[in-house]
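Here's the letter readout for the chains.
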Amino acid sequence: MKQHERIPDSFHIDTDAFYNAIVKSTEDYIYIVDMSTDTSLVSENMARDFDLPGRLVPGLIPLWGELIHEKDKKRYYDSIEEMLSGYTDIHNVEYQVLNKKNEYIWVCCRGLLSRDGSGKPTMFAGVVTPVGSKGKMDRTTGLFTQEECKNHIEAYLNLGNTTGGFLLLGIDDFKRINNLKNHTFGDSVLRKIAQDIQHMIPQKAEIFRFDGDEGAVFCPEATLDDMYSLYSRIHIYANKEHEIDGISYYCTISAGIAMLGTDADNYLDLIKCAMSALEASKKKGKNMCTAFTPDLLKSNLYIMELTNELQRCVINDMEGFSVVYQPLVRSDELKLKGAEALLRWYSPKMKKVGPGEFIPLLESSGNIVTVGKWVLDKAFGTCKRWIAKWPDFVMNINVSYVQIIEDDFVPYIEELLKKYDLPARHIVLEMTESYFVTDMPTLKATFQRLQDIDICIAMDDFGTGYSSLGMLSQTLADIVKIDRMFISLINDKEHFFNRSFIQAVINLCHSIGISVCVEGVEYEDELDTVRSMSADSIQGYYISKPVTPEEFEEKYWNG
Ligand code: C2E
Ligand code: CA
Ligand code: CA
């Protein structure tokens, strides 16, 4: 080792320069409290990021305390009290503090109290470190990670606790949100949801970010009812229109509940149960919450079998699939206007499974693209045959969002029009209401391209999703189909809302050139009422149930 020439016996520094150098070389927040005057100097980034009056802060300790999350306040003040009472000179506490963006971030706050000869506090100084940068925290959402969730629950169990509720949350169709703009926008949405939910959870609860679009809330000692009511708050929040950077979006949240003590007694089992409950919520149609029961494992197994069998049938040349047709009549003379093509599937192994059950599975596996093309081909072919008999016949075909965002969707429609030499005015494509309200540029562009080639677009199931009457005036739809839930009870005096709703939709649509179809007419008195409201077309069991093409021809061929 090289010999030092001279070791100095003292070292003088410019404390201001030293302080500035330290502050500039770290992202931590630095504070110094002069205990005699109760005035503090905080680093520039601390004054910038938190709601403080500036770099010089009178009464920092209580002011800072105000910004600390309710459930952490006690720990913070206990530590201050321990110092002031002379019990210790060290402050070292982790807590969540509210920044200027109105987000709670986890920090580790450390400091040292100096005293004079008589033990009176003179100076208190230290650093506040955002824990996010230390790996425990997810950077996107500012929440603790899944790994921390495991640590947290295991520590809770190790203390001898046995009960608690676990809510696993999954954002529905998060891909759709990402498609609205880009992943940075998607991240902003995740962050906003995480922060908003954080404000809704009980004091003792903790929230964590899981993979992708999933998160979880653990509530110590909670009951199943507590967990349902927590979800219900989240549900109400999620089912509203949100906005970030001028882009409005909708995003619903599905959930699964698992209870510590009843469903599981360790972390891994708890997660497994919650995952299968969440899966059930998603499979049942999303935007809902399911609590775990042992039966779920059986039903998830059933769903897996169903998915496999569907896959086999699709590959095996659409085995067991068929298309049935339900007539639509003009409301004035009740003459045949057209039909809606509806998919059916029968497998000897799974027996009868309705489209409400198998279509979501085809969508989640992506098979709906192949099956949808097949339905379009069948329905176009049938339409071509039937316009020879009924020259104004119009065929309505349901399309899924998954299909329509494929690049070759519009070219495929054009190809079929050519293949069957069919004028486009005989085709209506039906899409569920919720896709009309998003700001998704690709979807709008596709609708526009379809309308440019004279294909009509119908907004299906109106009234079941997020749309309001107000947005009808901005929609690209040519036709609105009012969901059948509004027709039942239409003549019941206690449910006059349904009747006024239908009438309002019809009036509004007519004033802006949109035609209206009322679905689900089952009884004669419903038919009479709907006709008196001057809907354009009517569909329902009262006219006919969906039938095979052969039955359709037999029934209507001769008027
Ligand atoms: P949807 O598009 O709303 O179709 C109308 C549904 O209401 C059909 O159910 C029809 O049978 C039923 N319905 C018609 N009139 C009445 C009535 O008076 N009373 C009652 N209770 N029900 C009536 P279905 O065939 O079970 O289809 C369910 C859903 O599955 C459809 O709802 C549609 O969203 C979807 N779907 C069916 N076929 C296809 C398809 O080829 N592609 C896609 N993407 N979805 C399809
Ligand atoms: Ca439909
Ligand atoms: Ca419908």
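Residues numbered from 1 in each chain as written. Chains lettered and ligands numbered in written order. Predicted model: local features only at pLDDT ≥ 70, side-chain atom pairs only at ≥ 80, totals over all residues. Heavy atoms only, no water.

**Q** It is not clear to me how the overall build of the protein chain should be interpreted in this structure. Could you clarify?
**A** When you go through the protein chain residue by residue, the secondary structure sums to 18 helices and 22 strands. A compact globule built from 559 residues should have a C-alpha radius of gyration of about 24 Å, whereas the protein chain, at 32 Å, is more than 25% larger. Taking the principal axes of its C-alpha atoms as reference, the protein chain extends roughly 110 × 65 × 50 Å. Across the 559 residues of the protein chain, 49% fall into the buried class. The long-range fraction of contacts in the protein chain, counting pairs at least 24 apart against all pairs at least 6 apart in sequence, stands at 61%. Element-wise, carbon and sulfur atoms account for 52% of the exposed surface of the protein chain, whose accessible area totals about 27,800 Å². Treating the 58 positive side-chain charges of the protein chain as one cloud and the 83 negative ones as another, the clouds have centres 2 Å apart. (Helix = DSSP H or I, 4+ residues; strand = E, 2+ residues; numbered from the N terminus. Rg over C-alpha atoms; globule rule 2.2 N^0.38 Å. Buried < 20%, exposed > 50% of the residue type's maximum accessible area, 1.4 Å probe, protein only. Contact = heavy atoms within 4.5 Å. Areas by Shrake-Rupley, 256 points an atom, 1.4 Å probe, with all protein chains shown as cover. Lys, Arg positive; Asp, Glu negative; His and termini not counted. Charge placed at Lys NZ, Arg CZ, Asp CG, Glu CD.)

**Q** Help me understand the site of ligand 1 in this model?
**A** Among the 21 residues in the neighbourhood of ligand 1, the closest are listed as Q326, R344, D460, E522 and Y541. In the model, a nitrogen atom of ligand 1 is placed 3.2 Å from a nitrogen or oxygen of the R484 side chain. At 2.8 Å, a backbone N or O of Y541 approaches an oxygen atom of ligand 1. With four residues, the single largest contributor to the shell around ligand 1 is strand β15 (residues 336-347). Looking at the shell around ligand 1 residue by residue, the class counts come to nine nonpolar, five polar and seven charged. (Near = heavy atom within 4 Å. Polar contact = N/O pair within 3.5 Å; in protein donor to acceptor, adjacent residues only side chain to side chain. Nonpolar A, V, L, I, M, F, W, Y, C, P; charged D, E, K, R; others polar.)

**Q** Any chance you could explain a nonpolar patch on the surface here in plain terms?
**A** A cluster of nonpolar side chains, namely F11, I13, F18 and I22, defines an oily patch on the protein surface of about 440 Å² accessible area. The residue I22 is located in helix α1 (residues 15-24) in this model. (Patch = residues over 30% accessible without salt bridge, like charges linked within 9 Å, V, L, I, M, F, W, Y side chains within 5 Å. Salt bridge = Lys/Arg side-chain N within 4 Å of Asp/Glu carboxyl O.)

**Q** Sorry if this is basic, but what is going on with the sheet that holds strand β3 (residues 56-58) here?
**A** Either a parallel or an antiparallel arrangement is found when strands of a sheet pair, and the pairing is made through backbone hydrogen bonds. Read from one edge of the open sheet, six strands run β3-β2-β1-β6-β5-β4, paired in antiparallel fashion. At either margin of the open sheet sits one strand with a lone partner, and together these are β3 and β4 (90-98). Here the average twist between neighbouring strands, direction ignored, is 25°. Strand direction decides the pairing type here: strand β1 (residues 29-34) and strand β2 (residues 39-42), joined by four bridges, are antiparallel. The residue of β2 that forms the bridge with V33 is S40. (Pairing = 2+ DSSP bridges. Axes fitted to C-alpha atoms, helices over the stretch in contact; angles between N-to-C directions.)

**Q** What is the right way to read the domain arrangement of the protein chain from this model?
**A** Accessible area lost upon the coming together of the parts serves often as the stated size of an interface. Structurally, the protein chain comprises domain 1 (15-134), domain 2 (146-292) and domain 3 (303-558). Inter-centroid distance (C-alpha atoms) of domain 1 to domain 2 is 32 Å. At the junction of the two partners, domain 1 supplies nine residues and domain 2 supplies eight residues. Between domain 1 and domain 2, the buried area comes to about 730 Å², and carbon and sulfur atoms account for 37% of it. The largest per-residue losses of area from domain 1 upon contact with domain 2 belong to K71, E103 and Y104, which jointly make up 62% of the total buried on that side. (Domains from an automatic or database assignment. Buried area = accessible area lost by both parts, 1.4 Å probe.)

**Q** Would you mind going over the coordination of the calcium ion (ligand 3) with me for this structure?
**A** Of the protein atoms, only D460 (OD), D461 (OD), E519 (OE) and E519 (OE) coordinate the calcium ion (ligand 3), at distances of 2.2 to 2.5 Å. Sequence spacing of the donors to the calcium ion (ligand 3): D-D-x57-E. Between the calcium ion (ligand 3) and the calcium ion (ligand 2), the interatomic distance is 3.9 Å, and D460 donates to each metal, bridging them. (Donors = N, O, S within 2.8 Å, 3.2 Å for Na, K, Ca; no water.)

**Q** What is the right way to look at the coordination of the calcium ion (ligand 2) in this model?
**A** Six octahedral donors around a metal ideally sit at 90 or 180 degrees from one another, while four tetrahedral donors ideally sit at 109.5 degrees. Looking at the calcium ion (ligand 2), one finds its protein donor set to be E340 (OE), N398 (OD1), E430 (OE) and D460 (OD), positioned 2.1 to 2.3 Å from the metal centre. Within one chain, the residues donating to the calcium ion (ligand 2) are spaced in sequence as E-x57-N-x31-E-x29-D.

**Q** Looking at this model, I keep getting lost on the nonpolar core. Mind explaining?
**A** Burial of nonpolar side chains together is a common tendency in soluble globular proteins. If you look at the biggest cluster of nonpolar residues, it comprises 83 residues, and the most contacted ones within it are F321, L376, F380, M395, I397, I427 and L429. When residues in this core are grouped by element, the largest group, 10 residues, is from helix α12 (residues 368-387). In terms of nonpolar packing, the next biggest core, distinct from the first, is built from 36 residues, L169, A194, Y237 and A255 among them. (Core = buried A, V, L, I, M, F, W, Y, C linked by side-chain atoms within 4.5 Å.)

**Q** Can you help me understand the packing of aromatic side chains in this one?
**A** Two measures describe an aromatic ring pair: the distance that separates the ring centres and the angle between the ring planes. As enumerated under the stated definition, the model contains 24 aromatic pairs in all. With a centroid separation of 6.2 Å and an interplanar angle of 80°, the aromatic rings of F321 and F358 are classed as edge-to-face. Placement of F321 in strand β14 (residues 321-330) and of F358 in helix α11 (residues 355-365) is noted, with a sequence separation of 37 residues between them. What makes F321 buried here is its relative accessible area of 8%. What makes F358 buried here is its relative accessible area of 0%. Three or more aromatic residues link up through ring pairs in this structure, and these residues are Y325, W386, W390, F393, F552, Y556 and W557. The residue whose ring lies beneath K373 is Y412, and the NZ or CZ to ring-centre distance is 5.2 Å. Positioned above the aromatic ring of Y541 is the side chain of K545, whose terminal nitrogen or guanidinium carbon lies 4.6 Å from the ring centre. (Phe/Tyr/Trp six-rings, centres within 6.5 Å; stacked < 30°, edge-to-face > 60°. Lys NZ or Arg CZ within 6 Å of the ring centre and 35° of its normal.)

**Q** Help me understand the sheet that holds strand β9 (residues 214-220) in this model?
**A** A sheet is described by the order of its strands in space; here five strands give the open sequence β8-β9-β7-β12-β13, paired in mixed fashion. In this open sheet, the two strands that pair with only one neighbour each are β8 (206-209) and β13 (289-291). Averaged over all adjacent pairs, the angle separating strand axes in this sheet is 20°, with direction ignored. Strand direction decides the pairing type here: strand β7 (residues 164-171) and strand β12 (residues 253-260), joined by eight bridges, are antiparallel. Bridge assignment links L169 to a residue of β12, and that residue is A255. Strands in contact with helix α5 (residues 146-158) are β7, β8, β9 and β12; relative to β8, the strand with the most contacts, it is inclined by about 145°.

**Q** Where do I start with unusual backbone geometry in this structure?
**A** Only a minority of non-glycine residues have a phi that is not negative, and only a minority of peptide bonds are not trans. Positive phi is not limited to glycine here, since M318 has a value of about 60°. Mapped onto the fold, M318 is located in the loop between α10 (294-315) and β14. One non-glycine residue, L334, lies in positive phi territory at about 60°. Topologically, L334 is positioned in the loop between β14 and β15. Relative accessible area serves as the criterion here: at 32%, L334 is assigned to the partly exposed category.

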